[in-house]
Amino acid sequence: MAEATPHRIREVIAHPLTQRLPSPSETSWGRYDRVSILLVEIRTESGLVGVGECLARFAPVAYAELIETALAPRLVGQDALAIGANWARMRRALSGRAGGMLFEAIAGVDIALWDIAGKAAGQPIHRLLHGESRAAVPVYGASVMWGGDAARVAETVDRFKEQGFSRMKIKIGAPVREACQRIAEVRAAAGDQIELTADSNWAYTLDEAVTVGRALADHGYTWFEEPLRPEDEDGHRMLRTRCAVPLAAGESNYTLDQSAPLVNDRTLSYLQPNITRSGGITEVLRMARHAAAHDVAYAPHVGMSGIICEAASLHVAAAMPNAKVMECPASANRFKSDLADLSPGATRVQDGAVAVPQGPGLGLKVNWDAVAEMEGLAREVAA
Ligand SMILES: [Mg+2]
């Protein structure tokens, strides 16, 4: 008789990866020239290999140490397909409230385990979720950056249109007067047919956010993303009653416990977890299903994450009935273009949507030469 659990975990390997960005990313937080992620590789005794990604923008080598010393010993020898049990084992690796590096590390391992589960079943992950099985997910182009002048704004808007995006996001910051000016400028450049959203990355106080929110409502924006710092839940509730534009947030949450309060009372209209931060596919499914039960849309965050984040998000969005639209960053990023045989979403946009990968698991093959090169830079920076 065949063994009941052939897919035991043999090895968990962490690859910290760093790239220099060809064009810097600019938000209300500043300017980034270099960014990192962590790629998790899991091998089973049956010969399957799964890959996952952790959000680890800085200090990726620290994440590698956390995974190899605190998570791997709890996983080796366990059934890779018992994802829930493995997730619970990892959560108990460190005490303290949920969040931080531990949950980003768990996310990468969890995605790799789902990749293995799909490969073991010979099915793409979205088929294992028995949901909507959409062939494509609507996306928006991200982002028209905060810096720069009106000419650069118009140029980005035109480029996004040429790429096939019918929805786009702008970054805004302080001062408020300039943000309001930018909001009007982008609407003028985009025209009325394009769906626009704005993201402040917590740039404002409540009163400032009320002013910006009015400008967004006046110019027909679809949502106001992260207006306030994520811990200020009462501030979000007050803002919801003081401006007409729907609110979006969630990329700063790690778990359902953290996303639930503003979903329960419908302060948020869009919940935006990043699958490489919020405990992976397992926890994001909990968050997205809870949002669905409250008629709140699920709108995956991708940001500066890589192609594994994008693919995993596409699978969950393909399954969820409340998946409205997914972020699709359009700036050059080697974590999206060089790491696997799956092309970045921004190059695959058709009719405002991106096709869901149909191969087993995540539906991508990693380019291990690119991994080795970017791991070299991560280790060099840390040395
Ligand atoms: Mg954001």
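Since the model is a prediction, treat every value here as computed from it, not as a measurement. (Residues numbered from 1 in each chain as written. Predicted model: local features only at pLDDT ≥ 70, side-chain atom pairs only at ≥ 80, totals over all residues. Heavy atoms only, no water.)

J.: How should the packing of aromatic side chains be read in this particular structure?
T.: For the structure shown, the criterion picks out 6 aromatic pairs. A centroid spacing of 4.7 Å and a plane angle of 50 degrees characterise the contact between Trp223 and Tyr270, whose relative ring orientation is tilted. Taken together, the residues Trp223 in the loop between α7 (206–218) and β7 (224–225) and Tyr270 in strand β9 (residues 268–271) connect sequence positions 47 residues apart. Each member of the aromatic cluster is reached from another via a ring pair, and the members are Tyr140, Trp223 and Tyr270. The ring of Tyr221 carries Arg187 above its face, with NZ or CZ at 5.7 Å from the centroid. Taking the ring centre of Trp87 as reference, the NZ or CZ of Arg286 above it sits at 4.8 Å. (Phe/Tyr/Trp six-rings, centres within 6.5 Å; stacked < 30°, edge-to-face > 60°. Helix = DSSP H or I, 4+ residues; strand = E, 2+ residues; numbered from the N terminus. Lys NZ or Arg CZ within 6 Å of the ring centre and 35° of its normal.)

J.: Would you explain the environment of Ile275 in this entry?
T.: In this fold, Ile275 is placed in the loop between β9 and α10 (280–293). Ignoring any residue separated from it by four or fewer positions in sequence, one finds Ile275 in contact with Ala107, Ile111, Gly280, Ile281, Val284, His301, Cys309, Ala312, Ser313 and Val316. (Contact = heavy atoms within 4.5 Å.)

J.: Could you clarify how one ought to interpret the side chain of Asn86 in this entry?
T.: Take Asn86: it is sitting in helix α2 (residues 83–91). When its relative accessible area of 0% is taken as the criterion, Asn86 is described as buried. (Buried < 20%, exposed > 50% of the residue type's maximum accessible area, 1.4 Å probe, protein only.)

J.: Is there a simple way to think about the coordination of the magnesium ion in this case?
T.: Geometry reference: four tetrahedral donors at a metal, ideal angle 109.5 degrees. Six octahedral donors, ideal angles 90 or 180 degrees. Only Asp199 (OD), Glu225 (OE) and Glu251 (OE) from the protein coordinate the magnesium ion, and they sit 2.0 to 2.2 Å from it. Owing to a relative accessible area of 8%, Glu251 belongs among the buried residues under this scheme. (Donors = N, O, S within 2.8 Å, 3.2 Å for Na, K, Ca; no water.)

J.: In this structure, what is going on with α2? I would like to understand it.
T.: One turn of the α-helix equals 3.6 residues, which is why residues spaced by three or four share an orientation. Considered for burial, the residues of α2 that qualify are Ile83, Asn86, Trp87 and Met90. Along the axis of α2, the buried positions cluster into a sector of 105 degrees, meaning they face one direction only. Check the buried side of α2 and you find it contacts β1 (9–27), α1 (60–75), α3 (100–121) and α10. (Arc of directions from axis to C-beta.)

J.: Would you mind going over the sheet that holds strand β3 (residues 49–55) with me for this structure?
T.: Sheets are built from strands that pair by backbone hydrogen bonding, the pairs being arranged parallel or antiparallel. Ordered by their spatial adjacency, 3 strands build an open sheet running β1-β2-β3, and the pairing between neighbours is antiparallel. Two strands lie at the open edges of the sheet, namely β1 and β3, each paired on one side alone. Ignoring which end each strand starts from, the neighbouring axes of this sheet average 25 degrees apart. Along the sheet, helix α13 (residues 368–382) contacts β1, β2 (30–44) and β3; its crossing angle with β1, the most-contacted strand, is approximately 75 degrees. (Pairing = 2+ DSSP bridges. Axes fitted to C-alpha atoms, helices over the stretch in contact; angles between N-to-C directions.)

J.: How do you make sense of unusual backbone geometry when you look at a structure like this?
T.: Trans is the prevailing form of peptide bonds, just as negative phi is the prevailing case for residues other than glycine. Cis geometry marks the peptide bond from Ala142 to Ser143, where omega comes out at -10 degrees. Note that Ser143 resides in strand β4 (residues 136–144). Looking along the chain, the bond that leaves Ala174 and enters Pro175 is cis, with omega of 0 degrees. The residue Pro175 is located in the loop between β5 (167–171) and α6 (176–190) in this model. Positioned with a positive phi, His130 is a non-glycine residue whose angle comes to about 50 degrees. Inspection of the secondary structure assignment puts His130 in the loop between α4 (125–128) and β4. On the basis of relative accessibility, which here comes to 71%, the residue His130 falls in the exposed class. Of note in this structure, Ser133 is not a glycine but carries a positive phi near 50 degrees. With respect to the element layout, Ser133 can be found in the loop between α4 and β4. Overall, the relative accessible area of 28% leaves Ser133 in the partly exposed class.

J.: How do you make sense of the domain arrangement of the protein chain when you look at a structure like this?
T.: Looking at the protein chain, the domain boundaries give domain 1 (9–123 + 366–382) and domain 2 (127–355). Each partner contributes residues to the interface: domain 1 has 43 residues there, and domain 2 has 43 residues. Between domain 1 and domain 2, roughly 3,500 Å² of surface is buried when both sides are summed, and carbon and sulfur atoms account for 65% of that area. On the domain 1 side of the contact with domain 2, Glu26, Glu53 and Trp114 bury the most area, a combined 17% of that side's loss. Counting the contacts that link domain 1 with domain 2 gives 2 salt bridges. Salt-bridge contacts for Arg277 lead to Glu104; the nearest nitrogen and oxygen are separated by 2.9 Å. Scanning the region where domain 1 abuts domain 2 turns up 15 residue pairs in polar contact (both at pLDDT 80 or more). Among the elements of the structure, β1, β2, β3, α2, α3 and α13 are those that each provide at least two residues to the side of domain 1 that touches domain 2. Tallied by class, residues from the side of domain 1 that touches domain 2 come to 25 nonpolar, 12 polar and 6 charged. (Domains from an automatic or database assignment. Buried area = accessible area lost by both parts, 1.4 Å probe. Salt bridge = Lys/Arg side-chain N within 4 Å of Asp/Glu carboxyl O. Polar contact = N/O pair within 3.5 Å; in protein donor to acceptor, adjacent residues only side chain to side chain. Nonpolar A, V, L, I, M, F, W, Y, C, P; charged D, E, K, R; others polar.)

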